[in-house]
Amino acid sequence: MKHKKGRSERLQARKPYASNQRPKARTETPTAAVAPLAFGNTSQSNPSRLPIPPSDLLQCTRPRPLRETLLEQIYINFPGIEPRTDWEIMHLGTSRHEGTPEEIYAWLDEMYAKEMSYNPDVDACVQRMLDTPVALTGRKPVPGDKMVYSRPIPDSNYSIRLFPGAHDAAEYCMDFVETATGQPVNSPFEYELWSVPNPETPWLTAGMTMKLGTIERAHRMKLEDIPPGKEKFVLRDGQTCMLLRPGKRAVRFTVPVRPLMQTGLPEEEVDVLEFPKVTMP
């Protein structure tokens, strides 16, 4: 009869994560800066767990395996920690924990044993999830990233920065940065951001006026709980926005539009007639 390993044997058999499964070397140097990522609620009852913006996801303009995305996040949030299994990639990539490497590995072993006690098939489930291609939005850009644009806000020491999110969802992100340094900041002054009709064709978007909020505030995070420089808006390609500040002139801008992604589906069989996009009277 074939012997089925118990939980203790599985824990003992765990080996370091194979280096040939990691993504290629990162261009940025891991730091202690918090760039958290989460896919659900975070526990506030454990004092060793830190509050996590649920949307602070690594930027991925085209789909790629979730494993690669989480590994990059782990290298930033847990320098010196090497995941030993897929389960650890999933857990480290979607949570935060403070401690020495020994304490973090002990914490992982404890969490794994608890999960195995009620879900013996967790390893197979996690592997399937990590192999799934995903397109995520939200990582702040690093030097060398393309399609990142900053424009100074008049009568201010800050700029509006736009950087790409998930391409297939036509998502672009926005944050505020210091004009002099380029460092991102959270809500540096009193303002409102509104989605407004495009002034070139206002009749096409007349009913699309609405006040916008950051992803973090949408998840009920207080401004003081958002890690410094991590606040962001998620806009859409081609969206026109208006920044309102008390006592100052309004600022309007339109988000860049990227070419549509190739879906692989057969193109619609139609003949296209080209007319001028802009004409003068």
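Cut-offs and rules
Residues numbered from 1 in each chain as written. Predicted model: local features only at pLDDT ≥ 70, side-chain atom pairs only at ≥ 80, totals over all residues. Heavy atoms only, no water. Pairing = 2+ DSSP bridges. Helix = DSSP H or I, 4+ residues; strand = E, 2+ residues; numbered from the N terminus. Axes fitted to C-alpha atoms, helices over the stretch in contact; angles between N-to-C directions. Buried < 20%, exposed > 50% of the residue type's maximum accessible area, 1.4 Å probe, protein only. Polar contact = N/O pair within 3.5 Å; in protein donor to acceptor, adjacent residues only side chain to side chain. Salt bridge = Lys/Arg side-chain N within 4 Å of Asp/Glu carboxyl O. Phe/Tyr/Trp six-rings, centres within 6.5 Å; stacked < 30°, edge-to-face > 60°.

S.K.: It is not clear to me how the sheet that holds strand β11 (residues 251–254) should be interpreted in this structure. Could you clarify?
M.R.: Sheet strands associate in pairs through backbone hydrogen bonding, adopting either a parallel or an antiparallel arrangement. One open sheet accounts for 4 strands, arranged β8-β7-β10-β11; its pairing is antiparallel. This sheet does not close on itself; its edge strands, each paired only once, are β8 (210–212) and β11. In this sheet, adjacent strand axes meet at a mean angle of 30° when their direction is disregarded. In terms of strand pairing, strand β10 (residues 240–244) meets β11 through 4 bridges, oriented antiparallel. Residue pairing across strands places M242 opposite R252, the latter belonging to β11.

S.K.: I keep staring at unusual backbone geometry and nothing clicks. Help me out?
M.R.: Note: most residues except glycine have negative phi, and most peptide bonds are trans. Although it is not a glycine, M147 adopts a positive phi angle of roughly 60°. Tracing the sequence through the fold places M147 in the loop between β2 (133–134) and β3 (149–152). Residue M147 is classed as partly exposed on the basis of its relative accessible area, which comes to 36%. Despite not being glycine, A170 has its phi angle at roughly 55°, a positive value. Classification of A170 as partly exposed rests on a relative accessible area of 25%.

S.K.: Would you mind showing me how to read the side chain of T137 here?
M.R.: Within the element layout of this structure, T137 appears in the loop between β2 and β3. Judged by relative accessible area, T137 falls into the buried class, the value being 11%. A distance of 2.8 Å separates the side chain of T137 from the backbone nitrogen of A166, its partner in a polar contact. A distance of 2.5 Å separates polar atoms of two side chains, one belonging to T137 and the other to E171.

S.K.: Hey, could you run me through the pairing of β10 in this one?
M.R.: Where a strand is regular, its side chains alternate between the two sheet faces. The pairing of strand β7 (residues 192–195) with β10 spans 4 bridges and is classified as antiparallel. In the sheet register, L193 faces β10, and the bridge partner there is L243. Counted along the chain from β10 to the antiparallel partner β11, the turn is 6 residues long, and its residue G247 has a positive phi close to 75°.

S.K.: I tried to follow the pattern of salt bridges on my own but got confused; where do I start?
M.R.: For side chains of opposite charge, pairing can occur when their charged atoms come near one another. For the structure shown, the criterion picks out 11 salt bridges. Measuring nitrogen to oxygen at the nearest pair gives 2.9 Å for the salt bridge that ties D86 to R67. On the criterion of sequence distance, the pair formed by D86 in helix α3 (residues 86–93) and R67 in helix α2 (residues 66–77) is long-range, its members being 19 residues apart. This pair shows no difference in class: D86 is buried, exactly as R67 is. The closest approach of N and O atoms between E216 and K232, which form a salt bridge, is 2.5 Å. Placement of the pair is E216 in helix α6 (residues 215–218) and K232 in the loop between α6 and β9 (233–236), with a sequence separation of 16 residues. K232 sits in the buried class, given a relative accessible area of 1%. By sharing partners, the salt bridges in this structure join R67, D86 and D131 into a single network.

S.K.: So what exactly am I meant to see when it comes to the packing of aromatic side chains here?
M.R.: For any pair of aromatic rings, geometry is given as the distance between the ring centres together with the angle between the planes. Following the criterion strictly, the structure yields 6 aromatic pairs and no others. Plain terms: the ring middles of Y158 and F189 are 6.1 Å apart, the flat faces sit at 55° to each other, and that makes the pair tilted. Of this pair, Y158 sits in strand β4 (residues 158–164) while F189 sits in the loop between β6 (184–185) and β7, placing them 31 residues apart in sequence. Here Y158 falls in the partly exposed class, since its relative accessible area comes to 21%. Plain terms: the ring middles of F176 and Y191 are 5.0 Å apart, the flat faces sit at 70° to each other, and that makes the pair edge-to-face. Linking F176 in strand β5 (residues 171–178) with Y191 in the loop between β6 and β7, this pair joins segments that are 15 residues apart in sequence.

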